[in-house]
Structures are given as structure tokens and as C-alpha cells.
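# Remarks on the overall topology
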Amino acid sequence: MTHAGRWPSGTVAELAVSAIKGMAMRAARIPGAVSLTWGLPSFPTPEPIRDAVARALAADPDVGKYTLPDGLPELRHAIARQRRGLDADGPDPDRNVLVTAGNMQGLSALLRAVVDPGDEVILTDPCFASHIQQVRLCGARPVYWTLDEARGWSLDLDALPGLVGPRTRAIVLVTPSNPTGKVFEREALLRVAEIAEAADLLVVIDDPYSYLVYDDPERYFDLGAEPSVAHRLAYLFTFSKMFAMSGWRLGYMVVPESLKREVLKAHDATIICAPRISQVAGLAALGLDRAHVDHFRAVLAARRVHIRERLDRLAHAFSYHPPEGAYYVFPRIVAPHADASEFCLRVLDAVGVALTPGSAFGPSGEHHVRMAFCVSDEAIDEAFDRLERLFPR
Ligand SMILES: Cc1ncc(COP(=O)(O)O)c(C=O)c1O
């Protein structure tokens, strides 16, 4: 029976299936394919977190119930302590903190609360592909802020004011960046905040990777902890990467009090609360001593060296800026090709290596590919052995 064209909605009809997951699913159908597509770390969730959950499952009769929409109070207190850092006047667990089911869900609720159809949201270009789809899901328009590739994918501050119009509501930043691995400089981020102040924009920081800055961790600047910006800043943290908890679906956001009230409406209307069992896991995670983070960082730093060595041997096919953080490298394709999608499909069909076409991350991503190096060393070697066969010197 036909559905007589009643679905999909016009909004969803215009969305693209994530190229990241699209390529991952296509690769999964090809026996023996090696995938550098998905930013899914190879680490298991640290044992103390799993133990805490096992204890709660055995002993806590409430473990299967809803929590308050903004999350377990003890988790919100732990988050506020964490974000307070050196500043005694940091976020308040009740007024500013909201526990989410990860940053995708958090950002979705946040955007619902700040944009109307026809509004505009500034995204870096390239940016995290799902941000583009999220803005479109709200009926809003992504406005692309082209990063400066020649300067290692830096923010181009001179271009920003010209992108702000009467319908601009927010600007979304990810540092270290997915897909480029760029860590944005302190001065640049503070300048973005000034421009946002002048134009009355919300600044959104989506933070999966701040724990992963390689050569000089001091270069990471936490704009979300800057008191002078707190009144117009939404800081979203996800447990997915730092605690290898991507399947638990847990994150939190810290927002101004007036905004929390509004975000809660969208959050409650769509999910009610983050899964309680995951909140229990999150509480255990925040109590950890961070030895596992040092381990993750050391392993990923070694993989970064590894993938760079392999990319350097393929300079006739790819040119790249060394990633400063996260676990992505975003090379330009210098081998002959039509466009990034054609290239990725050809590579997958010819040698069974899945890469993500850079065009999924915004117009400036065209003629690039994203490679995620959170996979095992063996997978990196296998992928590059095959690429070397396809692109002989
Ligand atoms: C920039 C960015 N935001 C959000 C996510 C997804 O976060 P979560 O698992 O918390 O939804 C990712 C995952 O790769 C990401 O890179």
C-alpha cells in the first residue's frame, strides 16, 4: 500500500544521511573492509565505571526509574564542582546545569530553544557534519564561516562580522575541531566572544575532545569557563569520548539560568531525562582519578604519529595539516579525482578502505577526506598498505 506521499516532511526530506555513518554502513557490507570513518575510540568503558553501574543495578531499587528532567542532583553537583575549577562562582547545579543524553541530544534541545524556522546559525566550515543537519532540522539555515586552511584551519576573524545578520542567533564551535584537529587559539576565541557580544549571539561550545590536545595541552583554551562570557555561552560536554562511554549516551550542558528553563522544555518534551543508569555511570566517571585519560591520550598520540608517518609516504595522494588535537586528520586529496564522494567510493570499491568524504563537513571540505585515527595500529597499517597499492609512487 502506498503512503500517498504524506511523508517525509519537507524538512527531513532535505536532510542528508550522515556521510560518516553512511560510509561506515557501506563498509560494513564489504567483507574485509577497513574503516577510518567513525570517531569511535577502540577503548572499553573504564572498569570502575562499569563496576559502579553493576553495584547500582544490584542494590538501588530506583535505578530503573526516571530522574528529574535536568538529571540526578548528585550528578549535577559533581558537574558544577568539575566546571567550577578555580573559580568559586562557577555554575550552580540547579540554575545552570542540565544532564543530557550526549551532546547530539543536548545540542538538539538547545537549538530548539534558541532558533525559529528561518533563523541562522553560524557554523565553522568545515564543521561537525551533524551540526549542519541539526540546524536544518530546526528549519534554520547554517551560515558557513570558512576556516583558513592555509593557516592550518584557523578561525578567520576578519570574516566573522560580515556573516552576522538580523536572523543570526548562535555560533557553534568545536575545539579541538572535528574534522580538522585544529585547536583554536585563546585570543581568537575571546574575539569571537566579543563579536557575539556586539551582535547578541549565543556562543555554543560542543566539547568532546578538550582532553585530547597533543603537543602543548596548555594551548587549549576553555572559553566555557570564562566568566565574562558565561551570560551568553552554552558549554556542552559529552562523556562519549573522554570516558569511552559513547554507547551510554550521556553528556551535560552548562547554560545561563534563563536559558536552562527554556532548554528544559525541549528536553522534557523529547526525552524526559537522560537514562538514569547512564547518569550513575557518569557520576562514577567524574569521580575517577583520570589515569585512564592519560592512557587514552598516550595511545592516541602514538596513533597520530603513526598515521602521519603513513600519510607522509603518500604525499603524492594527500596533503595535510598535522592535527593538534582530537583524533581526526583532514587531508586534501591531491591524487586525481572528481570530488570527495567519488574519491571515497572509488577507494572503498577498489581496495576496501572507508574514508569520509570531506564535503559532508561543509563546502570547504570538498576535495578532502576525514580519517579517524582512533582505530587500532593494525587497522591504520592495513588501510595505508592498501592505499599505497592504489596510489603507487
Ligand atoms: C563535535 C562532536 N559533537 C558531538 C558528537 C557526538 O557526541 P555524543 O555522543 O555526546 O552525542 C561528536 C562525536 O563524534 C562530535 O565529534
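Residues numbered from 1 in each chain as written. Predicted model: local features only at pLDDT ≥ 70, side-chain atom pairs only at ≥ 80, totals over all residues.

## Comments concerning the overall build of the protein chain
The secondary structure content of the protein chain amounts to 13 helices and 14 strands. What you see for the protein chain is a C-alpha radius of gyration of 21 Å, in line with the 21 Å of a compact globule of 393 residues. Projected onto the principal axes, the alpha-carbon positions of the protein chain cover approximately 60 × 60 × 55 Å. The 393 residues of the protein chain split such that 45% are buried. (Helix = DSSP H or I, 4+ residues; strand = E, 2+ residues; numbered from the N terminus. Rg over C-alpha atoms; globule rule 2.2 N^0.38 Å. Buried ≥ 20, exposed ≤ 12 C-beta atoms within 10 Å, placed from the backbone.)

## Focus on the sheet that holds strand β7 (residues 233–238)
Strand order in the open sheet made by the 7 strands is β2-β8-β7-β6-β5-β3-β4, with mixed pairing throughout. Looking along the sheet, the strands with just one partner apiece sit at the ends: β2 (97–100) and β4 (141–146). Geometrically, the sheet is characterised by an average inter-axis angle of 25° between neighbouring strands, direction not taken into account. Two strands pair when backbone bridges link them, and β7 and strand β8 (residues 251–254) are joined in this way by 4 bridges, in the antiparallel orientation. Note that in β8 the partner of phenylalanine 237 across the bridge is tyrosine 252. Helix α6 (residues 129–137) contacts β3 (120–125), β4 and β5 (168–173) of the sheet and is inclined by roughly 170° relative to β3. (Pairing = 2+ DSSP bridges. Axes fitted to C-alpha atoms, helices over the stretch in contact; angles between N-to-C directions. Contact = placed C-beta atoms within 7 Å.)

## What to know about the site of the ligand
Lining the immediate surroundings of the ligand are 13 residues, of which Gly102, Asn103, Met104, Thr238 and Ser240 lie closest. A breakdown of the residues in the shell around the ligand according to their chemical character gives 4 nonpolar, 8 polar and 1 charged. (Near = placed C-beta within 6 Å. Nonpolar A, V, L, I, M, F, W, Y, C, P; charged D, E, K, R; others polar.)

## Here we look at the nonpolar core
By size, the foremost hydrophobic cluster in this structure holds 115 residues, and its most contacted members are Leu110, Ile171, Val203, Val204 and Ala234. Top contributing element to this core by residue count: helix α5 (residues 103–114), with 7 residues. Composition of this core by domain shows at least three residues from each of domain 1 (10–45 + 291–390) and domain 2 (61–286). Ignoring anything within four residues of it in the chain, the contact list for alanine 234 reads Leu110, Leu202, Val204, Met253, Val255 and Leu259. (Core = buried A, V, L, I, M, F, W, Y, C linked by C-beta atoms within 7 Å. Domains from an automatic or database assignment.)

## With respect to the environment of proline 392
Topologically, proline 392 is positioned in the segment after α13 (377–390). You can call proline 392 exposed: it has 7 C-beta atoms within 10 Å. Once the C-alpha coordinates of proline 392 and alanine 315 are considered, the two residues, 77 residues apart in sequence, prove to be 11 Å apart.

## Considerations on the pairing of β8
Burial along β8 is two-sided: Gly251 and Met253 and Tyr252 and Val254, pointing in opposite directions, are all buried. Sheet topology places β2 next to β8; 4 bridges connect them, and they run antiparallel. Counted as the bridge partner of valine 99 is tyrosine 252 from β8.

## What to know about the packing of α5 against helix α9 (residues 257–270)
Each pair of packed helices can be summarised by the angle the axes make with each other and by the distance between the axes. Following both chains from N to C, one finds α5 and α9 inclined at 120°, their axes separated by 8 Å at the closest point. One way to sum up the angle between α5 and α9 is to call them oblique. Judged by the twist between their axes, the crossing of α5 over α9 is right-handed. Contacts between α5 and α9 pair Ala109, Leu110, Arg112 and Ala113 from the former with Leu259, Glu262, Val263, Ala266, His267 and Thr270 from the latter. Its residues assigned to classes, the contact of α5 with α9 comprises 6 nonpolar, 2 polar and 2 charged. (Parallel < 35°, antiparallel > 145°, perpendicular 65-115°, else oblique. Left-handed = near helix turned anticlockwise from the far one by under 90°.)

## Some remarks on the domain arrangement of the protein chain
We note that the domain assignment places domain 1 (10–45 + 291–390) and domain 2 (61–286) within the protein chain. Here the C-alpha centroids of domain 1 and domain 2 sit 25 Å apart. Contacts between domain 1 and domain 2 engage 35 residues on the former and 36 residues on the latter. Secondary-structure elements contributing two or more residues to the side of domain 1 that touches domain 2 are α2 (19–28), α11 (291–312) and β10 (328–329). Examining the composition of the side of domain 1 that touches domain 2, we find that 5 residues originate from one element, α11, more than from any other.

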